[in-house]
Amino acid sequence: MKQRVYEMLMMLNQAPLVRYISGLPPKEQDHLIKQLESLDLSVLEANEQETKRGKIDPLQPVTLAEIEPKRSEYRKLGLKAIREGKVGAVLLAGGQGSRLGFDKPKGMFNIGEERELYIFECLINNLLEVTREADAPVPLFVMTSVQNQIETQNFFRDHHFFGYSEENTWFFAQEELPTIDQNGKLMLSDPLKISTAPNGNGGWYASMERSGMLKVIRDSQIEWLNVFAVDNVLQRIADPCFIGAVIASGMDSGSKVVKKANPEEKVGMMCLEDGSPSIVEYYELPEELQNLRNPDGTLTFNYGVILNYLFRVECLNRTLRVKLPLHKAFKRIKYFNKKQGYVNPDDPNAYKFETLALDMVRLQKSCLAYEVDRNKEFAPVKNKSGADSADTARTMLKANGVKL
Ligand code: UTP
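Residues numbered from 1 in each chain as written. Predicted model: local features only at pLDDT ≥ 70, side-chain atom pairs only at ≥ 80, totals over all residues. Heavy atoms only, no water.

In terms of helices and strands, the protein chain carries 16 helices and 19 strands. Rg of the C-alpha trace for the protein chain: 22 Å, near the compact-globule value of 22 Å for 404 residues, within the 12% margin. In terms of overall dimensions, the protein chain has C-alpha extents of about 70 × 50 × 45 Å along its principal axes. Here the protein chain holds 404 residues, and the buried ones make up 54% of them. Within the protein chain, contacts between residues separated by at least 24 positions form 76% of all contacts whose residues are at least 6 apart in sequence. Summing over all exposed atoms, the protein chain offers an accessible surface of approximately 19,100 Å²; the carbon and sulfur share of this is 49%. (Helix = DSSP H or I, 4+ residues; strand = E, 2+ residues; numbered from the N terminus. Rg over C-alpha atoms; globule rule 2.2 N^0.38 Å. Buried < 20%, exposed > 50% of the residue type's maximum accessible area, 1.4 Å probe, protein only. Contact = heavy atoms within 4.5 Å. Areas by Shrake-Rupley, 256 points an atom, 1.4 Å probe, with all protein chains shown as cover.)

Attention now goes to the sheet that holds strand β18 (residues 350-354). Adjacent strands of a sheet pair through backbone hydrogen bonds, lying either parallel or antiparallel. Taking strand neighbours across the sheet as the criterion, the three strands line up as β6-β18-β15 in an open arrangement whose pairing is antiparallel. On the outer flanks of this sheet lie β6 (180-181) and β15 (327-331), each paired with one strand and no other. Bridge count between β15 and β18: five bridges; the pairing is antiparallel. What sits directly across from His327, in β18, is Glu354. (Pairing = 2+ DSSP bridges.)

A word on the site of the ligand. Leu92, Ser98, Gln174, Lys331 and Lys382 are the nearest of the 21 residues found near the ligand. Note that an oxygen atom of the ligand is positioned 3.0 Å from one of the backbone N or O atoms of Gly95. Protein chains bury 93% of the 560 Å² of accessible surface belonging to the ligand in isolation. Of the residues contributing to the shell around the ligand, the split by class is seven nonpolar, eight polar and six charged. (Near = heavy atom within 4 Å. Polar contact = N/O pair within 3.5 Å; in protein donor to acceptor, adjacent residues only side chain to side chain. Nonpolar A, V, L, I, M, F, W, Y, C, P; charged D, E, K, R; others polar.)

Here we come to helix α1 (residues 2-11). Turning to α1, its buried residues are Val5, Tyr6 and Leu9. The buried residues of α1 all sit within an arc of 100 degrees when viewed along its axis, so they share a single face. Counted as exposed and oriented over 90 degrees from the buried face of α1: Gln3, Arg4, Glu7 and Met11. On the buried face of α1, the contacting elements are α2 (15-22) and α3 (26-38). (Arc of directions from axis to C-beta.)

Moving on, we come to α3. For α3, which comprises 13 residues, the first-to-last C-alpha distance of 19 Å matches the rise-based estimate of 18 Å (1.5 Å per residue) to within 8%. For α3, the complete set of buried residues consists of Gln29, Leu32, Ile33, Gln35 and Leu36. Around the axis of α3, the buried residues are gathered within 160 degrees of arc, so they sit on the same side. Exposed residues lying more than 90 degrees from the buried face of α3 are Lys27, Lys34 and Ser38. Its buried side turned inward, α3 meets α1, α2, β7 (188-190), β8 (193-194) and β9 (196-198). (Expected span 1.5 Å × (residues − 1).)

A few words on the packing of α2 against α3. Relative orientation of the contacting elements α2 and α3 amounts to 145 degrees, with a least axis distance of 9 Å. Side by side, α2 and α3 meet where Leu17, Tyr20, Ile21 and Ser22 of the first sit next to Gln29, Leu32, Ile33 and Leu36 of the second. (Axes fitted to C-alpha atoms, helices over the stretch in contact; angles between N-to-C directions.)

As a further point, take the packing of helix α6 (residues 71-83) against helix α7 (residues 119-134). For the pair α6 and α7, the least separation of the axes is 10 Å and the interaxial angle reads 85 degrees. When the axis of α6 is compared with that of α7, the two are roughly perpendicular. The residues of α7 that touch α6, namely those facing Arg75, Leu79, Ile82 and Arg83, are Val130, Glu133 and Ala134. Broken down by class, the residue content of the contact of α6 with α7 amounts to four nonpolar, no polar and three charged. (Parallel < 35°, antiparallel > 145°, perpendicular 65-115°, else oblique.)

Moving on, we get to the nonpolar core. Ranked by size, the top nonpolar core spans 62 residues in total, and within it Ile82, Leu91, Ile111, Phe120, Leu140, Ala238 and Tyr370 carry the most contacts. Ranked by residue count, the leading element in this core is α7, at nine residues. The residues touching Ile82, leaving out its near neighbours within four places in the chain, are Val87, Val130, Ala134, Ala136, Pro137, Val138, Ala238, Pro240 and Ile243. Among the nonpolar cores identified, the runner-up in size contains 36 residues, and Trp204, Met213, Leu324 and Ala357 belong to it. (Core = buried A, V, L, I, M, F, W, Y, C linked by side-chain atoms within 4.5 Å.)

Here we come to the pairing of strand β10 (residues 224-229). For β10, the buried fraction is high: six of the six residues fall into the buried class. Along β10, one buried face is formed by Trp224, Asn226 and Phe228 and the opposite face, lined by Leu225, Val227 and Ala229, is buried too. Examined bridge by bridge, strand β2 (residues 87-92) and β10 share six bridges and lie parallel to one another. From the neighbouring strand, Val90 faces β10, where its bridge partner is Val227. Bridge count for β10 against strand β14 (residues 303-312) is five bridges, and the pairing is antiparallel. Within β14, the position partnered with Phe228 by the bridge is Asn308.

What follows deals with the side chain of Thr144. Secondary-structure assignment places Thr144 in strand β3 (residues 140-144). Residues in contact with Thr144, not counting those within four places in the same chain, are Ala93, Gly94, Gln149, Thr152, Phe171, Phe172, Ala173 and Gln174.

All right, on to the pattern of salt bridges then. Side-chain pairs of opposite charge can arise where the charged atoms are in close proximity. Under the criterion given, the structure shown has 25 salt bridges. Ionic pairing is found between Lys215 and Asp219, a salt bridge with its closest N-O pair at 2.7 Å. Of this pair, Lys215 and Asp219 are both found in helix α10 (residues 213-219), four residues apart, which corresponds to roughly one turn of the helix. Between Glu371 and Lys259 there is a salt bridge whose closest N-O contact spans 3.3 Å. A residue pair is termed long-range when its members are at least 10 positions apart, and Glu371 in strand β19 (residues 367-371) and Lys259 in strand β11 (residues 253-259) qualify at 112 residues. Look at Glu371 and you get buried, because its relative accessible area is 5%. Each of Arg53, Glu273 and Arg362 takes part in salt bridges that share partners, so that together they form one network. (Salt bridge = Lys/Arg side-chain N within 4 Å of Asp/Glu carboxyl O.)

In C-alpha cells:
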C-alpha cells in the first residue's frame, strides 16, 4: 500500500512529501499514508484546468417594480408552501472566514455593540419572523466544516438555538479536499496531518446525501430548499414572497439578485451562458463585459447574486452525480513544515479547491432571477475593515431597525 501511495505522489509531482514521510518512524508513516489514501488527490490533476465559459449575455431579472404589485399574491403562495411543510432551509456555515480573520465559526462573531448579537442569532431572528407568521416550522439544515462542526453545534445548544426549535435543526459536515502551496505541493497542517480545507459551498447537496440528510428531506416531503450564506446579516431566509414568485414562475430554481453597487463589486454575476441562466464569478467576468453599459447608461451586467437560492429538490436529485467545476481559491492557510514549525500567515499564501453553489444554477433548466433591495437584504461580513466588513454591516443593521 505504501509503495502504491508513494508512486502516485511521485506521479503527481509530490516528491518533497514522499521524502518527508520516508524520514518518519514506520508507525507515523502508516498514519500519513492512511490519510492520503482517504483523500481525493485527483484535484491535483485538475489544478491546471481552466473552466471554459460559454457565450455570456445579460439576463433580465424580475425587478422590484414588477414584484411590487404581485407581492401579496406571492407571499400567500410562499406561506402556503411553508405551512404544507414543503420548504427547508440550508445554512452554509462551513467557510473559514479567512478574510475576516476570526478564528471561530463566522456565525459566532458578535456583531452587537451594547449587547451580544451573534451572526447566527441575526439569521435565526430573521427566520423566526417567517415561521411565526406562517405558524409552521421550516426545517433548518446547518452545513459546517469538519473543523467547526462541534463548536457550531455547541454554540447553538449553549444559546438554546436562539429560540428556534431544536427538533427542526440538523447539522452535517461537508467534505474536505487537500490544499496546495504556490508551487503546487501538498502541505502539512501538523507534523502528522496533510493540510485539508472544506471543499467549497457547492458540495452542500452531495454532503447532505452522504450525511443522511436527504432521508430527512424525503421523509418530511420537502420540495424546496432555500440555500443561503452565513455571512449576510440581513439575509431573509425562507422569504415567502421569493418562494411564491419562484413557484408561480414554474421555474426549477430562483436566485436573489441585487443591483451592483459599482462595476467592480465582488459579487457573482447573474447572466445567460449559451442561452441558459448561469452565474459567473466576478473574477471570471472579462473587464469589457464588467464595464459594458446600455444606451441609458446603466450597467449591462447589472445584477449580482447574494448567495440566496431556492432549488427544487426533484431537480437537485437529477444533478447529484454531475461533477461541478473546481475553483482554486487563494487563501490564508496555516501550515507546518520541518524548518519553520507552525506558520500562521497574515496574507494569502496557498490554494484551496472549491466547488461553488453558484455553479449549481447552471445545472437547473430554469432559474428566476429575483431582485431584492440591497439596502434591506444585503449586508455581508467578509473583511476585517472597509467594504463588506462588520462595520458596514452594523450600519446597515441599524438602518433596518436592529438594535445593537
Ligand atoms: P466565502 O466564499 O466568503 O468563503 O463563503 P469563507 O471561507 O467563508 O471566507 P473567506 O473567503 O475565507 O474569507 C460564502 C459562504 O459559503 C460558505 C461560507 O460559510 C459562507 O456562508 N462556505 C464557504 C461553506 O459553507 N463551505 C466552504 O467550503 C466555503
